[in-house]
Each structure stands twice: as structure tokens, then as C-alpha cells.
Amino acid sequence: MIEMPAINSKEVFVSAHHLGALHSLVEGVWNHISYDDPLHPKTVFMTPGHVHWDLVNLNNIVVFDKETESFVGEARPLKAASYFHTPVHKHLDTHKCVFHIHTPSITTVATRTDFLFEPRLTQHSCCFMDSYGYSTEYDSISEELNIQRLVEALENKNVLFLKNHGALVSGNCIEEAFMSTYMLNIACSFHLSVFGSNNSFDLIPIQKAKAMKDFFYDGLYKKHFDGFLTHLHSL
């Protein structure tokens with residue numbers, strides 16, 4: 001059995017990037033993660049700009065000080081990362097970690113207008129019962145982003161589909177946010193397979209779907225993440 005070494009919050013932030021790259025959650029060098037350091041609540045770690053997730057390391061991650069609203073050191077995120085992530089960490093205390101990604105499956109679901117995300121379709125989508133939403137405006141540059149509407153749309157949710165622009169996925173910790181992102185990507189892939197055909201389909205009963213969601217966020221996500229991490233350290 002492979003023993004996983006103890007790691008600190010900065011190391012797990014780096015590992016989340018490597019896991020994302022390993023499991024095809026990253027696109028090029030323009031997806032990003034942010035994470036409230038649990039040891040220093042005023043500090044937010046962010047993905048360095050124009051750096052592939054495989055190459056994120058302890059020396060190049062971005063550090064943002066929420067108190068002074070400024071960056072510490074030389075590293076900087078992409079401009080898009082700054083204007084999506086910093087308002088969330090400033091205004092939504094429950095959103096400790098935020099992923100912004102646009103995998104083909106997630107972006108396609110965010111773009112389609114002939115159906116909406118259905119949380120009762122599979123066990124993966126059950127994770128998002130009553131906790132997902134849609135942003136109906138395409139905001140690709142900071143001058144067009146309405147921060148108040150973004151924060152309000154994500155409040156009390158852990159997934160916000162961005163119009164034609166992937167999704168924001170959040171969690172109370174980085175382990176939860178990563179596993180939610182992983183599950184969302186699979187869920188969206190199944191959505192496209194099911195809704196892309198003319199075949200009929202069934203939905204999971206509401207109470208069973210809610211129970212599956214509760215089971216996942218009651219600690220199963222952490223066991224899954226630890227298993228992913230053990231695999232990563234075995235490579």
C-alpha cells in the first residue's frame with residue numbers, strides 16, 4: 001500500500017492542479033483555481049497566469065491578500081481569474097475554493113438552449129441537487145462583469161454555469177471543490193449523451209437523489225479526493 005505524505009494547504013493547492021491536468025479538467029493555460037488558505041484566512045492562493053496546471057508549483061502560485069486587496073510577490077493570475085475569483089472570496093465566506101474551467105462537456109451544457117442541466121439524471125449530477133444556477137449574460141472581460149450579479153447568482157450554490165463560458169464550481173474546502181468539479185464534468189458528459197439522442201430516459205427519484213447528494217458531501221468526497229491524491233503520488 002502506498003503511504004501518502006502529510007501535506008500543507010499550499011501543497012494540496014498545487015496537487016489539485018496536477019490532479020486536474022491528470023483527469024483532463026484543464027484547457028490550455030487559461031483555467032484557474034482560487035483557495036482560501038485555512039491557516040491564514042486573509043490569504044487566497046490563485047493559479048499563476050499562463051502556466052499549465054502540470055507546471056504549477058510552490059514557487060509560482062499567486063498569493064492575494066484580502067485585507068489589502070493586493071497581490072503579494074511577483075506572481076500574477078490571468079486578468080479573468082482576478083475578476084472572477086476575488087469578488088467571490090471577498091463576499092461569499094462559504095466559498096473557500098473556486099474552480100473556473102471550460103471543458104468541452106461543461107461548456108457545451110452552458111451553451112445549449114434546448115435543455116437545462118438535470119440533477120436527477122445520474123449519480124454524478126445528483127451532487128448538484130438544488131445547488132446550481134445559470135448566468136444569463138456573457139461576461140468575458142472585466143469591464144462587462146457585474147460583480148453584484150455574479151455574487152448573487154453563486155450565493156447558496158456550488159455551481160454556476162456561465163453563458164457560453166464554462167462554469168464556476170465552489171466548495172467549503174479544496175477537496176470538495178475538486179471532487180465537485182470532477183463530478184460535474186462527468187455529469188455534463190452524460191447529459192450530452194442522453195439529451196443528444198432521441199431515446200427516452202428515466203430520472204432518479206427526488207428523495208434518492210437528495211440522499212445521494214448528502215452522502216457525497218457528508219465525507220465521501222474527501223475519501224475520493226484522498227484516493228486520487230494517493231494515485232497522484234504513486235506516479
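Please read all numbers here as calculations on a predicted model, not as lab measurements.

1. Description of the pairing of strand S7 (residues 159-162)
At step 1: Residues of S7 alternate between two faces, with Val 159 and Phe 161 on one and Leu 160 and Leu 162 on the opposite face, all of them buried.
At step 2: Two strands pair when backbone bridges link them, and strand S6 (residues 132-135) and S7 are joined in this way by 4 bridges, in the parallel orientation. Paired with Gly 133 across the strands is Leu 160, a residue of S7.
At step 3: Relative to strand S8 (residues 167-171), S7 runs antiparallel, the two being bridged by 3 bridges. Residue pairing in the sheet places Phe 161 in a bridge with Ala 167 of S8.
At step 4: Two successive antiparallel strands, S7 and S8, enclose a turn made up of 4 residues, where Asn 164 displays a positive phi of approximately 60°.

2. Concerning the nonpolar core
At step 1: Residues Trp 53, Phe 99, Phe 117, Phe 128, Phe 161, Phe 178 and Leu 184 are the most contacted members of the largest nonpolar core, which totals 46 residues.
At step 2: Among the secondary structure elements, those contributing two or more residues to this core are helix H1 (9-22), strand S1 (32-36), strand S5 (97-101), helix H3 (104-111), S7, S8, helix H5 (174-195) and helix H6 (206-234).
At step 3: Here this core gets 8 residues from one element, more than from any other, and that element is H5.
At step 4: Leave out the neighbours within four places in its chain, and Phe 178 touches Ala 16, Leu 19, Gly 20, Leu 25, Phe 99, Phe 225 and Phe 228.
At step 5: Counting 12 residues, the second-largest nonpolar core is a separate cluster that includes Val 98, Leu 150, Ala 153 and Leu 154.

Cut-offs used in this document
- Residues numbered from 1 in each chain as written.
- Predicted model: local features only at pLDDT ≥ 70, side-chain atom pairs only at ≥ 80, totals over all residues.
- Heavy atoms only, no water.
- Buried < 20%, exposed > 50% of the residue type's maximum accessible area, 1.4 Å probe, protein only.
- Helix = DSSP H or I, 4+ residues; strand = E, 2+ residues; numbered from the N terminus.
- Pairing = 2+ DSSP bridges.
- Core = buried A, V, L, I, M, F, W, Y, C linked by side-chain atoms within 4.5 Å.
- Contact = heavy atoms within 4.5 Å.

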